[in-house]
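Remarks on the overall topology
Given next are the chains, with one letter for each unit.
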Amino acid sequence: MRFVKGLHVAVAVLLLALAGVQLNDPDPLFWVVIYAAAAVMPIARLWGRRLPVGWGVAFGLAVAGLLVSLPGFIDFVRAGEFDLIGRGMSASRPNIELAREFLGALIGLVCLLPYGRWHTRGA
């Protein structure tokens, strides 16, 4: 049981850290909200609270993040310059930032999925 609680805490901390990193982003509000909304789900699980609407909103935000950044991610993959993912942002290569945003939204979505049953069906 401690391991599971620790896992919930780790997921929440990861998502809150991702939200914090977004504070210096050119468009921080959207991405901070995505990660913060996702972080609420493991915290609510720890407290035994079910948030079906909250989970749906967090899931929808993560999917929206994926859809918004998908074209840039596809461009990034087509360019094949994967070593650039860790480099600084560049106005001439917006697909790098969009690839990061896509991967971040994917992380958020993957973190949310296990909480769906708890929050929506009461498993």
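Preceding this paragraph is the structure being described.
Every chain's residues receive numbers from 1 upward, in the order its sequence appears when written. The predicted origin of the model limits local features to residues at a pLDDT of at least 70 and limits the giving and counting of side-chain atom pairs to 80 or more, whereas totals for whole chains, interfaces and linings rest on all residues. As a rule here, side-chain values come from all non-hydrogen atoms in the structure, and water together with hydrogens is ignored.

Things to note about helix 3 (residues 52–79)
Secondary structure elements follow DSSP: runs of H or I no shorter than four residues count as helices, runs of E no shorter than two count as strands, and numbering proceeds from the N terminus. By this rule, a helix spans an expected 1.5 Å times one less than how many residues it contains. Across its 28 residues, helix 3 extends 40 Å between first and last C-alpha, which sits within 8% of the 40 Å expected from 1.5 Å per residue. Across the chain, bend at a residue is computed as the angle between axes fitted to the seven residues ending at that point and the seven starting from it. At Leu70, helix 3 shows its strongest bend, of approximately 50°, with the proline Pro71 following within four residues. The classification of residues rests on relative accessible area computed with a 1.4 Å probe and restricted to protein chains. Under 20% of the type maximum is buried, over 50% is exposed, and intermediate values are partly exposed. Looking only at helix 3, the buried set comprises Trp55, Ala58, Ala62, Gly65, Leu66, Ser69, Gly72, Phe73 and Phe76. The contact definition used throughout considers only heavy atoms, calling two residues in contact when any of these lie within 4.5 Å. The secondary structure elements touched by the buried residues of helix 3 are helix 2 (28–46) and helix 4 (94–121). Just past helix 3, the residue Gly80 takes up positive phi, approximately 70°.

Some remarks on the nonpolar core
Think of a nonpolar core as a cluster: buried Ala, Val, Leu, Ile, Met, Phe, Trp, Tyr and Cys residues, connected wherever their side-chain atoms sit within 4.5 Å. Leu15, Tyr35 and Leu112 are the most contacted members of the largest nonpolar core, which totals 26 residues. Within the residue set of this core, elements represented by two or more residues are helix 1 (2–21), helix 2, helix 3 and helix 4. Residues contacting Tyr35, with those up to four places away along its chain left out, are Leu15, Leu18, Ala19, Gln22, Gly104 and Ala105.

Observations concerning the packing of helix 2 against helix 3
Working note: a packed helix pair is described by the angle between its axes plus the distance between those axes. Only C-alpha atoms enter the line fits that serve as axes; for helices the fit covers just the stretch in contact. Angles between N-to-C directions range over 0 to 180 degrees. Where helix 2 contacts helix 3, the axes come no closer than 9 Å and their chain directions differ by 145°. The element helix 2 and its partner helix 3 pack so that their crossing is left-handed. For the pair formed by helix 2 and helix 3, the contact residues are Phe30, Trp31, Val33, Ile34, Ala37, Ala38 and Met41 on the first element and Gly54, Trp55, Ala58, Leu61, Ala62, Ala64, Gly65 and Ser69 on the second. Classifying every residue of the contact of helix 2 with helix 3 gives twelve nonpolar, three polar and no charged. When the near helix sits turned anticlockwise from the far one by under a right angle, the crossing is termed left-handed; a clockwise turn instead gives a right-handed crossing. Polar here means any residue other than Ala, Val, Leu, Ile, Met, Phe, Trp, Tyr, Cys and Pro, which are nonpolar, and Asp, Glu, Lys and Arg, which are charged; Gly is therefore polar.

Re helix 1
A rise of 1.5 Å per residue sets the reference length of helix 1, with its 20 residues, at 28 Å; its end C-alpha atoms lie 28 Å apart and thus fit the reference within 8%. His8, Val11, Ala12, Leu15 and Ala19 are the residues of helix 1 that are buried. Down the axis of helix 1, the sector holding all buried residues measures 90°, keeping them to one side. Looking at helix 1, the residues exposed on the side facing more than 90 degrees away from the buried face are Arg2, Phe3, Val13 and Val21. Among the structural elements, helix 2 and helix 4 are those in contact with the buried residues of helix 1. By construction, the arc corresponds to the directions joining the helix axis to the C-beta atoms.

Regarding the layout of surface pockets
Roughly 220 Å³ of internal volume is contained in the largest pocket. Of the grid points, spaced at 1 Å and generated over the protein atoms alone, those admitting a 1.4 Å probe that cannot get out make up cavities, while open sets with protein on both sides within 12 Å along at least five of seven lines make up pockets; any residue with an atom within 4 Å of a point is treated as lining. What lines the largest pocket is a set of 14 residues, among which Val21, Gln22, Asp25, Glu97 and Arg100 lie closest to the centre. Those elements that provide at least two residues to the lining of the largest pocket are helix 1, helix 2 and helix 4. Residue contributions to the lining of the largest pocket peak at six residues, all from helix 4. Of the residues contributing to the lining of the largest pocket, the split by class is seven nonpolar, three polar and four charged. Grid points are joined across faces, edges and corners, and a volume is the space filled by probe spheres set on the points.

Let's talk about the packing of aromatic side chains
Here a pair means two rings of Phe, Tyr or Trp (six-membered ring of Trp) with centres within 6.5 Å. Their orientation is stacked below 30 degrees between planes, edge-to-face above 60, and tilted elsewhere. Counted under the stated rule, the structure contains four aromatic pairs. Where Trp55 meets Phe59, the ring centres are 5.0 Å apart and the plane angle is 20°; that geometry is what we call stacked. In this pair, Trp55 and Phe59 both sit in helix 3, four residues apart, roughly one turn of the helix. Residue class for Phe59 comes out partly exposed when judged on its relative accessible area of 28%.

Digging into a nonpolar patch on the surface
Judged by side-chain polarity, Met1, Phe3, Val4 and Leu7 come together as a nonpolar surface patch covering roughly 480 Å² of accessible area. Taking the relative accessible area as the measure of exposure, Val4 reaches 38% and is therefore partly exposed. Patch membership needs two things, relative accessible area over 30% and no salt bridge, and members are linked within 9 Å if like-charged or within 5 Å if nonpolar (Val, Leu, Ile, Met, Phe, Trp, Tyr). Reported accessibility uses the Shrake-Rupley method at a 1.4 Å probe radius. Residues are deemed covered only where the shown protein chains occlude them. The salt bridge definition used is simple: a Lys or Arg side-chain nitrogen within 4 Å of an Asp or Glu carboxyl oxygen.

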